Amino acid sequence: MVAKQLATAGIKCVVLERGQWPDYEDSPNDELINQRTHAIRPLHYMDRRKFVNPDKPWLTDPFLNAACVESGTVTYGAMAWRFMPQDFKLHTLYPHISGSALADWPITYDELEPFYEQAEYEIGVAGDQRDNPYAPPRKKDFPMPAFEYNREDKDVLIPAIKRMGFHPYPIPMLRNSVRYNGRAACLRNHTCCGYICPCDAKNGTQNTVIPVAMKTGNCEIRTGAIAVQIAMQGRLAVGVRYYDLEQRLHYQPASIVVSAAGSSGSAKLLLMSKSDMFPNGLGNNSDMVGRCVNSHHYTGAFGLFDRDVSAEQGPGATVAFSDLNHIPEKKIFTGVLCSEFYALPWMRTQIRPPKSPMWGAEHKRFQRENYRRILRLFGRCRRFRCTKPGLCCIRRGRTPLAYRCLLPRGQTSFDGGTGAHYVQRGRGRPEGGRGKTDMADKRQAKPQILQRRRPAPVVFLQNGRRS
Amino acid sequence: MLDRPSEQIIPADDQWGGATDAEVINYIENWVGKYYPEMSPIYKRGIAAVQKASNRLYSKNFQDVEFAAQTEFLKKMEAGLLDGQDWTEIAQKYFFEEIRVRSMQGFYGPPRHGGNKNYMSYKMCGLEMPHLLGQNRY
Ligand SMILES: Cc1cc2nc3c(=O)[nH]c(=O)nc-3n(C[C@H](O)[C@H](O)[C@H](O)COP(=O)(O)OP(=O)(O)OC[C@H]3O[C@@H](n4cnc5c(N)ncnc54)[C@H](O)[C@@H]3O)c2cc1C
Ligand code: SF4
């Protein structure tokens, strides 16, 4: 995005990308090679065994990071969340979380709003916030109408969410609900999150800002270029040292250097950029670079029904509610709870009520009968790191390319009060992890999250899994 | 030999084939051979331990033991209850989990890696395969 802004302003720029251009053929609907499950490997990857850590390729980068031109937006789930105004004042709102890395932003939502709008129009977002009383204020409507709800949303989730007094609304999505920017509308196929869109209806840097930047003639994309150091002259960044795929070192002079290698990649690059002025890494004289890196927890509940409920009309995630985001008096600042992206069969093999067999005939029967009977309400919850452990910085391998890599370490200081727990406790529902386990039990089950009428779901919770 | 424990993990039933019919063993061989050759010694040690333990209990190699006894064997292995003398080179629970996870991936994952022959598990779950572009409705 920065390259596009610079290139259209007439400034010549070079984008250094360690990976290659993404390739749809690399993973057409492959549940074992994609950016979400990574059972064999992530989809966009460089040969980490060769370049970073020959012994433990999975240790070289935080889980799921992309390595390709256009990066994470090629395969992301494309939910288009804006921060809420409260998110800019977390320390003020939640001062009780001692030892956390919480801080207020130096800018406000109002200052950022025009840029949210610009990004939403340039990249393309489908949404409608009229039913969301907590939606952050916006000056213009979304550029595209919201996606229509799925059958299971209309039949099960929305009535249940409303019965609980909450406010369901369509998830804002960086996907084309109608033809937009010269590209087709989404076909709503089964796999989306973690995969490349086969019809280019998922919007990211790949089909918006990067082509615009390249068209100006001012922007060169250099692939297989692994930046290892920002060169400094005093306080001024003057260029970047990088390796190519043949392990040759290059130098690219520059008058402006922008580090946009992801939250861990940028920290890594800054730490490697030592100079007289910055002996501990660029900008790291305070020893804070690479610390306090944030991620989110996933929380949520699976509901098991005694009839097929899932229409499998992709990509699955359609409805959300924000009632459990920011309730400072209850110390709750969960994030958002949504219906979940569909999973292909392998991802479902781990999803069983507690104490169920995880292999054998019974496991197979469950899979066969219940693949379409399971719904998931899913939350992305805030997760704060303590100031101290942060990211640790380690050196591995022997080749010059086996540069430092960062591993998230240390404890989470506080997980935002998780919505699922709150829903249960606040409503007298069962405690986390103790759902009923079979259909017979389910008949008598009082506690429900998703639906009270029969057919009633069994609820089993999956809490606090790392994202 | 690994096709036998795999068949235990996902056995055939009246309607649908199991790991053997879906050629899960191809997947496991590809996984080790193509993606993680560094795991090959672990598999060798694991298979040797399974055979040793099987011979101790049944005086036969695992593949020659009858189905119900194989199930009992794997239940014990999952719980780490087989005689520890045979598992000095590799932990039995770890190797059980390795076989379980790989078998699941081979049966329920996409066929392009060697298993899930003819999209067997996808059909079993009611998924049309290969995916139709557009709205998959069944
Ligand atoms: C499965 C999945 C689903 C997601 N769904 C959503 C969603 O629904 N909504 C949402 O808002 N977000 C979602 N995200 C998160 C989102 O994709 C990321 O937050 C976002 O892509 C981060 O952008 P970035 O530019 O900061 O970093 P990245 O996308 O990680 O890009 C960094 C780029 O820098 C390159 N790089 C790193 N180090 C170097 C180096 N030394 N030299 C040269 N190049 C380097 C990398 O190869 C990469 O291409 C999802 C992520 C995943 C994995
Ligand atoms: S659901 Fe399918 S067609 Fe729609 S944006 Fe996602 S990948 Fe593309």
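So, a few notes on the structure that sits alongside this text. (Residues numbered from 1 in each chain as written. Chains lettered and ligands numbered in written order. Predicted model: local features only at pLDDT ≥ 70, side-chain atom pairs only at ≥ 80, totals over all residues. Heavy atoms only, no water.)

So, about the overall build of chain A. Regarding its fold elements, chain A presents 11 helices and 14 strands. The burial tally for chain A puts 54% of its 467 residues in the buried class. Relative to all contacts within chain A whose residues are 6 or more apart in sequence, the contacts with residues 24 or more apart total 69%. A total accessible area of about 20,700 Å² is found for chain A, and carbon and sulfur atoms account for 53% of it. (Helix = DSSP H or I, 4+ residues; strand = E, 2+ residues; numbered from the N terminus. Buried < 20%, exposed > 50% of the residue type's maximum accessible area, 1.4 Å probe, protein only. Contact = heavy atoms within 4.5 Å. Areas by Shrake-Rupley, 256 points an atom, 1.4 Å probe, with all protein chains shown as cover.)

A few words now on the interface of chain A and chain B. On the chain B side, the residues contacting the 37 residues of chain A number 43 residues. Regarding the contact of chain A and chain B, the summed buried area is about 3,300 Å², with carbon and sulfur atoms giving 59% of it. Among the residues of chain A in contact with chain B, Ile40(A), Trp359(A) and Lys364(A) are the three that bury the most area, contributing 25% of the side total. The partner of Lys364(A) in a salt bridge is Asp13(B), with the nearest N and O atoms 3.1 Å apart. Our count for the chain A to chain B interface comes out at 13 residue pairs in polar contact (both at pLDDT 80 or more). Elements with a contribution of two residues or more to the side of chain A that touches chain B: α8 (345-348) and α9 (361-370) of chain A. For the side of chain A that touches chain B, the element with the most residues is α9(A), which contributes 5 residues. Of the residues that constitute the side of chain A that touches chain B, the class distribution is 16 nonpolar, 11 polar and 10 charged. (Buried area = accessible area lost by both parts, 1.4 Å probe. Salt bridge = Lys/Arg side-chain N within 4 Å of Asp/Glu carboxyl O. Polar contact = N/O pair within 3.5 Å; in protein donor to acceptor, adjacent residues only side chain to side chain. Nonpolar A, V, L, I, M, F, W, Y, C, P; charged D, E, K, R; others polar.)

A word on the environment of Leu157(A). Mapped onto the elements of the fold, Leu157(A) is located in helix α5 (residues 151-163). On the accessibility criterion, Leu157(A) (3% relative accessible area) is buried.

Residue and element names in this part refer to chain A. For ligand 1, the set of nearby residues contains 21 residues, the closest of which are Glu17, Arg18, Gly72, Met79 and Ala227. Separating an oxygen atom of ligand 1 from a side-chain N or O atom of glutamate 17 is a distance of 2.6 Å. Within the contact set of ligand 1, a nitrogen atom lies 2.9 Å away from a backbone nitrogen or oxygen of alanine 227. Within the complex, 71% of the 1,000 Å² of free accessible area of ligand 1 lies under protein. Residue assignment for the shell around ligand 1 shows that the elements contributing at least two residues are β1 (13-17) and β4 (226-233). Among the residues making up the shell around ligand 1, the classes are represented as 14 nonpolar, 5 polar and 2 charged. (Near = heavy atom within 4 Å.)

Applying the stated criterion across every chain, the model contains 25 salt bridges over all chains. Of the charged contacts, one joins Glu220(A) and Arg222(A) as a salt bridge, the two residues approaching to 2.9 Å between their closest N and O atoms. Two residues, Lys117(B) and Glu23(B), come together in a salt bridge whose shortest N-O distance is 3.3 Å. Of this pair, Lys117(B) sits in the loop between α5 (92-108) and α6 (120-124) while Glu23(B) is found in the loop between α1 (3-9) and α2 (24-35), placing the two residues 94 residues apart along the sequence. Given a relative accessible area of 36%, Lys117(B) falls into the partly exposed group. One network of salt bridges, in which partners are shared, links Arg82(A), Glu113(A), Glu120(A), Arg138(A) and Lys139(A).

This part is about the nonpolar core. Most often, soluble globular proteins keep nonpolar side chains buried together rather than apart. Trp31(B), Tyr43(B), Phe73(B), Met77(B), Trp87(B), Phe95(B) and Phe107(B) are the most contacted members of the largest nonpolar core, which totals 43 residues. For this core, the secondary-structure elements that each account for two or more residues are α2, α3 (40-58), α4 (67-79), α5 and α6 of chain B. (Core = buried A, V, L, I, M, F, W, Y, C linked by side-chain atoms within 4.5 Å.)

This part is about the packing of aromatic side chains. One pass over the structure, following the stated rule, counts 14 aromatic pairs over all chains. Measuring from centroid to centroid gives 4.9 Å for Phe107(B) and Tyr108(B), while their planes differ by 80 degrees, and the two rings are edge-to-face. Residue Phe107(B) is classed as buried on the basis of its relative accessible area, which comes to 0%. What links up through ring pairs into an aromatic cluster is the set Phe83(A), Phe88(A), Trp105(A), Tyr109(A) and Tyr116(A). It is Arg138(A) that lies over the ring of Phe142(A); its NZ or CZ is 3.7 Å from the centre. (Phe/Tyr/Trp six-rings, centres within 6.5 Å; stacked < 30°, edge-to-face > 60°. Lys NZ or Arg CZ within 6 Å of the ring centre and 35° of its normal.)

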